[in-house]
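# Geometric and topological summary
As a plain string of letters, each chain reads:
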Amino acid sequence: MKLLYFAWIRSKIGIAEEEVAPPTEVTTVGALLDWLAARGPNYAEALKARAVVKTAVNQEYVDPDHPVHVGDEVALFPPVTGG
Amino acid sequence: MKLLYFAWIRSKIGIAEEEVAPPTEVTTVGALLDWLAARGPNYAEALKARAVVKTAVNQEYVDPDHPVHVGDEVALFPPVTGG
Amino acid sequence: MIRVQQEDFDIGAELARLSDGDHSVGGIASFVGLVRDMAPDGAIGSMTLEHYPGMTEKQLAAIETEAHRRWPLQASLIIHRYGRLTPGDRIVLVATASAHRQAALESCAFLIDWLKTKAPFWKMEDGPGGPQWVEAKTTDDAAAERWARSEGHTEKHG
Amino acid sequence: MIRVQQEDFDIGAELARLSDGDHSVGGIASFVGLVRDMAPDGAIGSMTLEHYPGMTEKQLAAIETEAHRRWPLQASLIIHRYGRLTPGDRIVLVATASAHRQAALESCAFLIDWLKTKAPFWKMEDGPGGPQWVEAKTTDDAAAERWARSEGHTEKHG
């Protein structure tokens, strides 16, 4: 599973992307965020304001109950500020 | 009093502008139109659909009960179609 | 700013000028009206735009002043052409610059809607059956009417 | 058409291309977003726009498709820049061409409102206190929300 981080979530975690292999019980985006937040203080800090963490799976916006699978591209980012 | 005609009102009357000296009882735009319509078949034809004849006095839109005075510039034209 | 002219205009240059040197402008909304070939058989070769010199400028200036009264605008521009035009030609440009996107978008729509019913221009199309005066559209009256009803709006007070 | 690029764009040329050779276009509405100098002391020297390559194009294409579904449009264009920009620089251009004025105006507002909440771009401002990520505005959510509510509209069926 490929994870991508953008804007201040990237700054706080400290890397822009990584390959991860979460345990098999991590079947949703929400569970993935919980698992990530427990990986270290940088992750915990980046993900603590969970309500403002937007998620995309394979480049489409999804809700926390959306399933994640091996091979997915999952992106975490704050609310967008373009335009 | 200077009269200006535009678009199909000008075409029907046959001239673009003229100086007129209506009788003193012509004190409003509405009375001016009545007086004009009686001046000849070209005026009658141009002004017969009175509801679509727009009027301006000194370059401001006015209603039929607006007063007219010696020296005014009075314009008659159909609904505008610019833009 | 108001311009009534026969010549074409350069949209890129006009819009660039609207915010030139003013870094408080966050957005520029614009509308360009073009001559359409309305005839089903594509037979309209040209049209002629007549206007009422003097009153045109007065009305356009009044419309622009009203837009600045209703929205917080840094700058605005109305250019309207007259004379002979052919399909695809630019007729009119309205543009508004504001710190706020919605103010620019709304005031731009307001300017073109009001201009359509207030600025003394008349179109005559040269069709296959000879020249014909274009009839006013009731949808234009309805579009202008909605601005008469909606005096207040969010951006001005927000 | 969608373009995501670092380079600036030429508004006049882009808008001219939108109606080029298509005489059924009666109007082109556009919105250009510019970098504002937000700091009260004018201290923002530059900003950097980050985006999510791949998803950006996908989202912009989806927004554009939705605009064509809702309004009768002849053509549309979204250009969004990324990278380092300074106050006064153009960030984004959205433009819509239609036979009908209201369709062009409404769809243009729709495109920029939706883009603001859906296209994955993030602004980082280089202020006097160092770089700072720009916070999303709730007014942007509200602006996008109003399009979620207003599916139908006059021009499409009129």
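Residues numbered from 1 in each chain as written. Chains lettered and ligands numbered in written order. Predicted model: local features only at pLDDT ≥ 70, side-chain atom pairs only at ≥ 80, totals over all residues. Heavy atoms only, no water.

All right, on to the overall build of chain C then. Summing up its helical and strand segments, chain C has 5 helices and 8 strands in all. On C-alpha atoms alone, chain C measures out to a radius of gyration of 16 Å, which is about the 15 Å that the 2.2 N^0.38 rule sets for 158 residues. When burial is assessed residue by residue, chain C has 54% of its 158 residues classed as buried. Of the contacts made within chain C by residues no fewer than 6 positions apart, 77% connect residues no fewer than 24 positions apart. For chain C, the exposed area adds up to about 6,400 Å²; of that, 51% sits on carbon and sulfur atoms. Separation of charge centres in chain C, based on 17 positive and 23 negative side chains, amounts to 3 Å. (Helix = DSSP H or I, 4+ residues; strand = E, 2+ residues; numbered from the N terminus. Rg over C-alpha atoms; globule rule 2.2 N^0.38 Å. Buried < 20%, exposed > 50% of the residue type's maximum accessible area, 1.4 Å probe, protein only. Contact = heavy atoms within 4.5 Å. Areas by Shrake-Rupley, 256 points an atom, 1.4 Å probe, with all protein chains shown as cover. Lys, Arg positive; Asp, Glu negative; His and termini not counted. Charge placed at Lys NZ, Arg CZ, Asp CG, Glu CD.)

Ranked by internal contacts, the top residues of the largest apolar core, which has 60 residues, are F31, V94 and L115 of chain C together with F31, V94, F110 and L115 of chain D. Aside from chain neighbours lying at most four places away, what touches V94 of chain D is A29, S30, F31, L77, I78, C108, L111, I112 and L115 of chain D. If you look at the next biggest cluster of nonpolar residues, it comprises 28 residues, including L18 of chain C together with L18, L77 and L93 of chain D. (Core = buried A, V, L, I, M, F, W, Y, C linked by side-chain atoms within 4.5 Å.)

Turning to the pattern of salt bridges, a few remarks are in order. Scanning the model with the defined rule gives 30 salt bridges over all chains in all. Between E66 of chain C and R69 of chain C there is a salt bridge whose closest N-O contact spans 2.8 Å. Here E66 of chain C and its partner R69 of chain C are both found in helix 2 (residues 55-70), 3 residues apart, which amounts to about one turn of the helix. Here R101 of chain C and D140 of chain D are joined by a salt bridge, their closest N and O atoms 2.9 Å apart. Taken together, the positions of R101 of chain C in helix 3 (residues 101-118) and D140 of chain D in helix 4 (residues 138-149) put the pair across two chains. The same class applies to R101 of chain C as to D140 of chain D, namely buried. Taken together, the shared-partner salt bridges connect R101 of chain C together with D113, D140 and R146 of chain D into one network. (Salt bridge = Lys/Arg side-chain N within 4 Å of Asp/Glu carboxyl O.)

Moving on to the relation of the copies chain C and chain D. Once turned by 180° and shifted 0.0 Å along the axis, chain C lies on chain D with an RMSD of 0.0 Å. The superposition of one copy onto the other is thereby described by a two-fold rotation axis. Relative to the rotation axis, the C-alpha of G12 of chain C is the closest in chain C, positioned 2.0 Å from it. Both copies present the same face, since 100% of the interface residues in chain C are matched by interface residues at the equivalent positions in chain D. (Least-squares fit on C-alpha atoms with pLDDT ≥ 70 in both.)

Attention shifts here to the interface of chain C and chain D. Each partner contributes residues to the interface: chain C has 34 residues there, and chain D has 34 residues. Taken together, both faces of the contact between chain C and chain D bury some 2,600 Å²; the carbon and sulfur share is 56%. Three residues stand out in chain C for area buried against chain D, namely H23, R36 and R101 of chain C, and they jointly supply 25% of the buried area on that side. Inspection of the chain C/chain D interface yields 4 salt bridges. For D113 of chain C, the salt bridge is made with R101 of chain D, and the minimal N-O distance between the two is 3.0 Å. Seen at the junction of chain C and chain D, the total is 16 residue pairs in polar contact (both at pLDDT 80 or more). Elements that contribute at least two residues to the side of chain C that touches chain D include exactly helix 1 (11-19), strand 2 (27-34), helix 3 and helix 4 (138-149) of chain C. (Buried area = accessible area lost by both parts, 1.4 Å probe. Polar contact = N/O pair within 3.5 Å; in protein donor to acceptor, adjacent residues only side chain to side chain.)

Turning next to the packing of helix 3 (residues 101-118) of chain D against helix 4 of chain D. Geometry of a packed helix pair, given as the angle between the helix axes and the separation of the axes. Residue and element names in this part refer to chain D. In the contact formed by helix 3 and helix 4, the axes pass within 8 Å of each other and the chain directions differ by 130°. On the basis of the axis angle, helix 3 is oblique to helix 4. At the point where helix 3 passes helix 4, the crossing takes the left-handed sense. Across the interface between the two elements, E106, A109, F110, D113, W114, K116 and T117 from helix 3 touch D140, D141, A143, A144, R146 and W147 from helix 4. Among the residues making up the contact of helix 3 with helix 4, the classes are represented as 6 nonpolar, 1 polar and 6 charged. (Axes fitted to C-alpha atoms, helices over the stretch in contact; angles between N-to-C directions. Parallel < 35°, antiparallel > 145°, perpendicular 65-115°, else oblique. Left-handed = near helix turned anticlockwise from the far one by under 90°. Nonpolar A, V, L, I, M, F, W, Y, C, P; charged D, E, K, R; others polar.)

A word on the pairing of strand 6 (residues 90-98) of chain C. Residues and elements named next belong to chain C. Of all 9 residues in strand 6, 8 are buried; the element is thus mostly enclosed. Pairing geometry for strand 2 and strand 6, over 8 bridges, is antiparallel. Of the residues in strand 6, the one forming a bridge with A29 is T96. By the bridge criterion, 6 bridges tie strand 4 (residues 75-81) to strand 6 in an arrangement that is antiparallel. Note on strand 6: the bridge partner recorded for H80 is V92. (Pairing = 2+ DSSP bridges.)

Residues and elements named next belong to chain D. The antiparallel open sheet is built from 4 strands, whose spatial order is 5-3-7-8. One side of each edge strand has no neighbouring strand; the edge strands of this open sheet are strand 5 (83-85) and strand 8 (130-133). Going from strand to strand, the sheet's axes swing by 25° on average, the running direction of each strand aside. Bridging between strand 3 (residues 46-51) and strand 5 involves 3 bridges; their strand directions are antiparallel. Within strand 5, the position partnered with M47 by the bridge is L85.

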